[in-house]
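# Understanding the architecture of this molecule
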Amino acid sequence: MSAQVLTYIFVGLTFGLYIAIAIWSRSGSTKDFYVAGGHVHPLANGAATAADWMSAASYLSMAGIIAFEGADGARYLMGWTGGYVLLALCLAPYLRKFAKFTVPDFVGDRYYSQTARLVAVLCVVFISFTYIAGQMRGVGIVFSRFLEVDIDLGVGIGMGIVFFYAVLGGMKGITYTQVAQYCVLIFAYLVPAIYISLMLTNVPLPMLGFGSTVNDGSGMFLLEKLDGLTQELGMAAFTEGKKSTVDMFFITAALMAGTAGLPHVIVRFFTVPSVRDARISAGYALIFIALLYTTAPAVAAFARLNIIDALNETEYQALPEWFSKWEDSGLLAWVDKNEDGKLQYRGGAALEPAKPIFSGERGASGERLVSNEVGASTNELYIDRDIIVLAHPEIAQLPNWVVALVAAGGLAAALSTAAGLLLVISSAISHDLLKNTLARNLTETQELRWARVSAAVAILIAGLFGIYPPGFVAEVVAFAFGLAAASFFPVILLGIFSTRMNKEAAISGMLSGLILTTSYIVYFKFMAPELNHAEHWWFGISPEGIGTLGMLLNFAVALVVMRVTPPPPEAVVNMVRGIRIPKQAT
Amino acid sequence: MSQKDQQQPDTQPSGAPVEDLARKAADEIGHQAYWRANVRTLLSLLLVWFLVSFGCGILWVDALNAYSFFGWKLGFWFSQQGSIYTFVVLIFVYVFQMNALDRRFNVDEDR
């Protein structure tokens, strides 16, 4: 069977499964809708958290980034896993004991302030929409690449599926579909990785394979060979970083604190029955996440090696079949700079600007011509990072069913994250904005109806973002982490660990963190992008890492302000003492 | 602010008021000791977290890269593999230590 037929079958089967789960797990109350009734098994919550967390970016893009950045890719690997240590140790158990529904719930109650609650609602909605736009786009891309469906129709189908289980089932439906989606996505990620690891090194586990010797008879270690090849071709050695230590440090810290402060992740820990379950559940979640995150750098190294092997110094006509397929979709481009009919893959950018602008004509060898300036380097190959996960099974000549599996996995990753984000948006609107602020006399049934309506509206907006992606999506994803790190993380942390922390300190801390982070990013990304180089940055910190500085400022301002303003009311102090103890002695 | 303990109906007063007060004071001291022990556990685990990820994975990565570990340079291994394994272990050590602490201070959820 062809890869396309198999893809239809796999995608159809998995979608059928998600719908069946949705019908089986409908929500009957607001508690079901917001936190799945609060009785999700910690293992199930671990898997759901992993699927919730691992987005289209983790699944489709991360290995690609590492493949081309080598050692610098570690900031994502450590940042997006290390945050779970912070979450498990410093936030999750106490927030579970707090036993409410949302992050703005905590901020509003702990800081006895509607202003703080509303700032939190705004941050939640902004962070979540930023994120969701990318997910819906990811769904569209997978559909269009593998099923040759129009990208907009793909987004529409994805919206329909999410609509079904998110609106019907709320958190309960989302939780159990996420468990299924985790299984699909991890299987789809590991199978090709294991195949390729066996092909290159004879070691079945990719996370060990990439530290082993290659089986080409040379007896060299895989990374040693890759370092040699990359340097020979005038690229940075794979295992050497190019980013400055200070920038790596700040970016990693921002990603970690941001991960711990992301509302759609935090809220998953409201769904387990007890404090002890919240702790162990974070452990399960990280095991599930680590399976993908320890495999990704291996996939990256294998792919880089395979690509150099398959393409470098090959004549255009002799290039493998996948080359022209991905060239047609614009993810690859070749310019025959020295007119020898062979592809030279070297260091440096092939084109200027970096992304190809196809002129619609074909060159001497049949390649698609581009109208870009050719850069100063001798590199003739443009290669999009996203190709690594999508095309690697074809590059490694794996059977068709593996190729089809990758598509189903990509959809699972994007849909599961989108659903988790939608729920957070809908509960911020129906619970925090309506029930707790504007319309306090809503009945349970009305609130549930509003939750469903806001989920439906959020899906429509998310779909529009997917169909008409705002140009700034990629730019603002880093912003989402910076924002979470500079706003929520310090305020929640201090709210638990200091009984003296008060409203004034929280609001001034959040604002100063937000303002610093926002203005730095807006300045370098939108107002003066031409100055976005290390020599103009403060202390060498890129906009990606500025969230850490925002976070430190938030902490500093809060710690000073709380010393010169009145302490919080007795009831709040008692609440903080209460959430620190799993259960009062009897 | 309706932060009443719906979760813990078992905190209802029972017995004579004087005993009640005495028990409350004892609880208070117990809870403070529990919290201090909790924070100590956290700080020691976070120290390891910091040393492995920010230390071995970022600050000392070049120095560690002088050594090799199977087929990896050591610093590279820490930043792309070792730190992640350490994070997983840290969370499970935390769970184990906290469960023991909960039982020792009589605040675990099983009773």
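What you see is a predicted model; the values in this text were computed from it and never measured.

## With respect to the overall build of chain B
Within chain B, the secondary structure is distributed over 3 helices and 2 strands. Put simply, chain B runs from its N terminus to its C terminus through helices and strands in the order α-α-β-β-α. In chain B, which comprises 111 residues, the proportion classed as buried is 44%. Expressed as a percentage of contacts within chain B between residues at least 6 apart in sequence, the contacts between residues at least 24 apart total 52%. Total accessible area on chain B is roughly 6300 Å²; 64% of this is exposed by carbon and sulfur atoms.

## With respect to the domain arrangement of chain A
It is common to give the size of an interface as the accessible area that goes away when the parts come together. All names here are of chain A. If you check the domain split of chain A, you get domain 1 (3–306 + 396–470) and domain 2 (312–388). Computed over C-alpha atoms only, the centres of domain 1 and domain 2 are separated by 33 Å. At the junction of the two partners, domain 1 supplies 15 residues and domain 2 supplies 12 residues. The junction of domain 1 with domain 2 conceals about 1200 Å² of combined surface from both sides, 66% of it contributed by carbon and sulfur atoms. Contact with domain 2 buries area across many residues of domain 1, yet Phe-68, Arg-145 and Leu-233 alone supply 48% of it, more than any other trio. On the surface where domain 1 and domain 2 come into contact, there are 1 salt bridge. For Arg-385, the salt bridge identified is with Glu-69, shortest N-O distance 3.2 Å.

## Topic: the interface of chain B and chain A
Tallying the contact residues gives 51 residues for chain B and 63 residues for chain A. Summing the contributions of chain B and of chain A, the shared interface buries around 5300 Å²; its carbon and sulfur component is 67%. There are 3 salt bridges connecting chain B and chain A. Notably, a salt bridge pairs Glu-240 of chain A with Lys-73 of chain B, separated by 2.7 Å at the nearest N-O pair. Remark: the boundary between chain B and chain A carries 12 residue pairs in polar contact (both at pLDDT 80 or more). Residue assignment for the side of chain B that touches chain A shows that the elements contributing at least two residues are helix H1 (17–59), strand E2 (72–73) and helix H3 (74–104) of chain B.

## Observations regarding unusual backbone geometry
Residues and elements named next belong to chain A. Each neighbour pair has its own omega, and for Glu-352 with Pro-353 the value is -5 degrees, a cis peptide bond. For Pro-353, the position within the fold is in the loop between strand E4 (351–352) and strand E5 (358–362). Phi at Glu-339 takes a positive value of approximately 50 degrees, unusual for a residue other than glycine. Overall, Glu-339 belongs to the exposed group, its relative accessible area being 69%. In this model, Gln-397 sits at a positive phi of 55 degrees, which is unusual for a non-glycine residue. Considering the arrangement of structural elements, one finds Gln-397 in the loop between helix H15 (387–395) and helix H16 (400–438). Owing to a relative accessible area of 69%, Gln-397 belongs among the exposed residues under this scheme.

About the criteria used
- Residues numbered from 1 in each chain as written.
- Chains lettered and ligands numbered in written order.
- Predicted model: local features only at pLDDT ≥ 70, side-chain atom pairs only at ≥ 80, totals over all residues.
- Heavy atoms only, no water.
- Helix = DSSP H or I, 4+ residues; strand = E, 2+ residues; numbered from the N terminus.
- Buried < 20%, exposed > 50% of the residue type's maximum accessible area, 1.4 Å probe, protein only.
- Contact = heavy atoms within 4.5 Å.
- Areas by Shrake-Rupley, 256 points an atom, 1.4 Å probe, with all protein chains shown as cover.
- Domains from an automatic or database assignment.
- Buried area = accessible area lost by both parts, 1.4 Å probe.
- Salt bridge = Lys/Arg side-chain N within 4 Å of Asp/Glu carboxyl O.
- Polar contact = N/O pair within 3.5 Å; in protein donor to acceptor, adjacent residues only side chain to side chain.

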